[in-house]
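The primary structure of each chain is shown beneath.
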Amino acid sequence: MKGSMEAADISVVALYFVTVMGIGFFAMWRSNRSTVSGYFLAGRSMTWIAIGASLFVSNIGSEHFIGLAGSGAASGLAVAAWELNALLLLQLLGWVFVPVYIRSQSCTMPEYLSKRYGGKRIKVYFAVLSLVLYIFTKISVNLYAGALFIQESFGWNLYLSIILLIGMTALLTISGGLVAVIYTDTVQAVFMIVGAVILMTVSLVKVGGFEELKHKYMLATPNVTEILLTNNFTNTNFCHIYPKPDSLKLLRKSSDEDIPWPGFLLGQTPSSVWYWCADQVIVQRVLAAKNIAHAKGATLMAGFLKILPMFIIVVPGMISRVLFPNEVVCINPEHCMAVCGSRAGCSNIAYPHLVMNILPVGLRGLMMSVMIAALMSDLDSIFNSASTIFTLDIYKYLRKTASSQELMIVGRVFVVFMVGISIAWVPIVVEMQGGETYLYIQEVAGYLTPPVAALFLLGVFWKRCNEHGAFCGAMIGSILGVTRLILAFVYHEPDCDQPDNRPNFIKNFHYMYFATCLFWVTGASAVVVSLLTEPPKKEHIWTTTVWAYWCKNERNLKTDYGVDVQNHADRVENDKHLIQRRNGNGKYPVDDQVEVSLLVTVSGGVVDTPDQSDVDTAMECFLDGETTLVNPPHGSKVEKKSTTSCWKCAIWFCGCSSENVGRDAACSYHLDEAECLQMLKETRKIKWILNIGLLVICSIGIFMFIYFSL
């Protein structure tokens, strides 16, 4: 008998909403969300605990509870390989990529590519690609997964559930910024882990423990005779009802249809490098850290937490197949439609079905809260990061005169636009990848992200790679990937009881092997073109490679790149004194009480600001131009524009202070040279502790890969 949500469960859910929204709005009220740095980077003030928790829950969204558990029910432990892979790649982020991003003073990933390679086309290319990936592989999938759980619990319409969920999440993200996102993520991490551990414990007890689960899973098949007798189906065929022989292994033989080990190691891993080391959603959290020690500590904490999903999500999915084979393992498309409304399969209902049928009243409400926490944490992270990319890398590029206030509002409006596109894409998600949501995400990412991973790896590790090589490699890889993706939609996998007439290069060429080819073709193209063209300029590599961090003392930088860091810092300080002394030609006197906006030119009343990728430090914005006053001294008269009541309301809701009107945002979120070098400093004791943690977590990850693959 299927359970249902009762008054006690609804009370728990309501308490959860009050708690999370209260903490989010409190963080919003306390934080500075009226500046670019405050809204998009949390003022670079976050600690390793908050960032580590946010990294974990930003990744473990509702699509993980639905998708990982669903793939666990359909094909066993194999899907957990992605979680252990992430455990290792998080450390690559903390020890290699984040130091480079801090050293290069990059706040967004497109901005880093622009600084590393020069030019604008790579920056725009990656910004657009990131937004496409967010909409089609993250937001839409999360909405579907969260709404599916609500539909299973309350019986509500799928799209009504989506609208309610997204409304609350967008409200918190639009008004609060990254500070509210990270603090609510920390609370949601506690809800998520506690609730999932409770469900895992109860369900393991019900099947007799982990060893008994492994035995029962291999025997878990639906009762075809009973299903056909109790339902008036016109189709009596059945397919894909038996567990796979190697369901209890992570990495499988090279011809496996789920995770062929060569494809996973050589193709899926580079794709994952994009997600964990170059995706704005993940990197933006780490860039909000106080310093590099907090950033590394956060990736270590998130790495240890990534051990959990295999046990608290994948294993319950397998248990759901054991306990409810007639629903989770539908026998044919007609039966699937009757059970879950999708012809592709019903493994996605494994987790919510388990929750609603084995947990008592009260705990169902807790797990409902967990699912909503997973959805909201993932969505608010994506919303904030996507609006960051659009605002700072696309809108600011198109409209160089945009003020800080204008950027704040545009970023929030863009969230609303993304929501509409994502909802429209949900029906496509429902029918993809045989009903296994998580594999749909990995397949689409496998066609689009390997070229990006190649560009970042070459940019960070190889100083000779230039803009021509990077752009040619990106275009070749993207054309091949998009073509393969279109063909995958055109030649969609048929129902399991129908003959597969797709071309062999679609049917028999696993997407992980295609991702392998895509990664190496992109890398080889970039290398060849780079070697045939001029090397990159020194200013494009002196702070944007890993060697700039590992050899960050002044002597090495001056020897290798011809750049004197001390002179660079002295120049910044001298510029400050120069501005303070300047007076005349109709300019206001500048003193400590005046804020200065650093601009390139002032002509005809139009202010032109420097492009973000061309700004190294705040003071460098002044070097080639003029200064104009933002906040004049006390007593000076400043003409203010009239503002309507609706506009004032929008400004208040978005957190934009009237003091920031007219303030240019070009230099407001970059560190100066001294702050940058200070963030990269580590004491010897802290460095030893972090490196020991690195050794431990990497050893655990490698051991688990080997143990569960033999």
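It should be emphasised that the depicted structure is a prediction, and the values quoted were computed from it without experimental measurement. (Residues numbered from 1 in each chain as written. Predicted model: local features only at pLDDT ≥ 70, side-chain atom pairs only at ≥ 80, totals over all residues. Heavy atoms only, no water.)

A. Spatial organisation of the overall build of the chain. Of the regular secondary structure elements, the chain holds 30 helices and 4 strands. Here the chain holds 710 residues, and 60% of them are scored as buried. Residue pairs at least 24 apart in sequence account for 84% of intrachain contacts in the chain once pairs closer than 6 positions are excluded. Surface summary for the chain: the accessible area is close to 27,900 Å², and the carbon and sulfur share equals 63%. (Helix = DSSP H or I, 4+ residues; strand = E, 2+ residues; numbered from the N terminus. Buried < 20%, exposed > 50% of the residue type's maximum accessible area, 1.4 Å probe, protein only. Contact = heavy atoms within 4.5 Å. Areas by Shrake-Rupley, 256 points an atom, 1.4 Å probe, with all protein chains shown as cover.)

B. The nonpolar core, seen in detail. Counting 185 residues, the largest nonpolar core has Phe65, Leu93, Phe97, Tyr101, Tyr351 and Phe456 as the members making the most contacts within it. Setting aside residues no more than four positions away along its own chain, phenylalanine 65 makes contact with Ile60, Met192, Ala196, Ile313, Tyr351, Val370, Met371 and Ala374. (Core = buried A, V, L, I, M, F, W, Y, C linked by side-chain atoms within 4.5 Å.)

C. Structural view of the environment of tyrosine 144. Its place among the elements puts tyrosine 144 in helix H7 (residues 121–154). Relative accessible area serves as the criterion here: at 6%, tyrosine 144 is assigned to the buried category. In this structure, the C-alpha to C-alpha distance between tyrosine 144 and proline 427, residues 283 residues apart in sequence, is 8.6 Å.

D. Main features of the packing of aromatic side chains. Considering all chains together, one arrives at 17 aromatic pairs under this definition. Ring geometry for phenylalanine 264 versus phenylalanine 705: centroids 6.3 Å apart, planes at 55 degrees, classification tilted. Within this pair, whereas phenylalanine 264 is found in helix H11 (residues 261–278), its partner phenylalanine 705 is found in helix H30 (residues 684–707), the two being separated by 441 residues in sequence. Judged by its relative accessible area of 0%, phenylalanine 264 falls in the buried class. Put simply, the rings of Phe97, Tyr101, Tyr112, Phe126 and Phe456 touch in pairs and so form one group of aromatic residues. Positioned above the aromatic ring of tyrosine 217, the side-chain terminus of arginine 321 is 5.5 Å from the ring centre. Lying over the aromatic face of phenylalanine 514, arginine 484 brings its terminal NZ or CZ to 5.7 Å of the ring centre. (Phe/Tyr/Trp six-rings, centres within 6.5 Å; stacked < 30°, edge-to-face > 60°. Lys NZ or Arg CZ within 6 Å of the ring centre and 35° of its normal.)

E. Representation of the packing of helix H9 (residues 210–217) against helix H14 (residues 309–323). At a minimum axis separation of 10 Å, H9 and H14 run at an interaxial angle of 50 degrees. Between H9 and H14, the angle is such that the two are oblique. Every pair of crossing elements has a handedness; the one defined by H9 and H14 is left-handed. On the side of H9, the interface is formed by Phe210, Leu213, Lys216 and Tyr217, while H14 contributes Val315, Met318, Ile319, Arg321 and Val322. (Axes fitted to C-alpha atoms, helices over the stretch in contact; angles between N-to-C directions. Parallel < 35°, antiparallel > 145°, perpendicular 65-115°, else oblique. Left-handed = near helix turned anticlockwise from the far one by under 90°.)

F. Inspection of the pattern of salt bridges at higher detail. Tallied over the entire structure, the rule returns 9 salt bridges. Residue arginine 121 pairs with glutamate 467 through a salt bridge whose shortest N-O separation is 2.5 Å. With a gap of 346 residues between them, arginine 121 in helix H7 and glutamate 467 in helix H22 (residues 467–490) connect regions that are remote in the sequence. For aspartate 500, the salt bridge is made with arginine 502, and the minimal N-O distance between the two is 2.9 Å. (Salt bridge = Lys/Arg side-chain N within 4 Å of Asp/Glu carboxyl O.)

G. Layout of H30. Taking 1.5 Å per residue, 24 residues should reach 34 Å; H30 reaches 35 Å between its end C-alpha atoms and fits that length. Looking only at H30, the buried set comprises Leu690, Gly693, Ile697, Gly701, Met704 and Phe705. Buried-residue contacts for H30 involve helix H5 (81–103), H11, helix H13 (292–305) and H14. (Expected span 1.5 Å × (residues − 1).)

H. Fine view of the state of the cysteines. Scanning the entire structure with this criterion turns up 1 disulfide. For cysteine 330, the disulfide goes to cysteine 336, at an S-S distance of 2.0 Å. Residues cysteine 330 and cysteine 336 share a disulfide whose torsion about the S-S bond is about 80 degrees; that sign makes it right-handed. For cysteine 330, a relative accessible area of 9% corresponds to the buried category. (Disulfide = S-S within 2.5 Å.)

I. Summary view of the environment of aspartate 185. Inspection of the secondary structure assignment puts aspartate 185 in helix H8 (residues 158–207). The class of aspartate 185 is buried, set by a relative accessible area of 0%. Each C-alpha atom, one on aspartate 185 and one on leucine 55, is 8.5 Å from the other, the two residues being 130 residues apart in sequence.

J. Just the packing of H5 against helix H12 (residues 280–287), in detail. Between H5 and H12, the least distance of the axes is 11 Å, while the angle of their chain directions is 75 degrees. Taken together, the axis directions place H5 and H12 in an arrangement best described as roughly perpendicular. Contacts between H5 and H12 pair Leu93, Val98, Tyr101 and Ile102 from the former with Ile282, Val283, Val286 and Leu287 from the latter.

K. Molecular detail of a nonpolar patch on the surface. Side chains of Trp261, Leu265, Leu266 and Trp520 sit close together on the surface and give an oily, nonpolar patch of about 450 Å² of accessible area. Here the element with the most residues in the nonpolar patch is H11; it accounts for 3 residues. You can see leucine 265 is positioned in helix H11. (Patch = residues over 30% accessible without salt bridge, like charges linked within 9 Å, V, L, I, M, F, W, Y side chains within 5 Å.)

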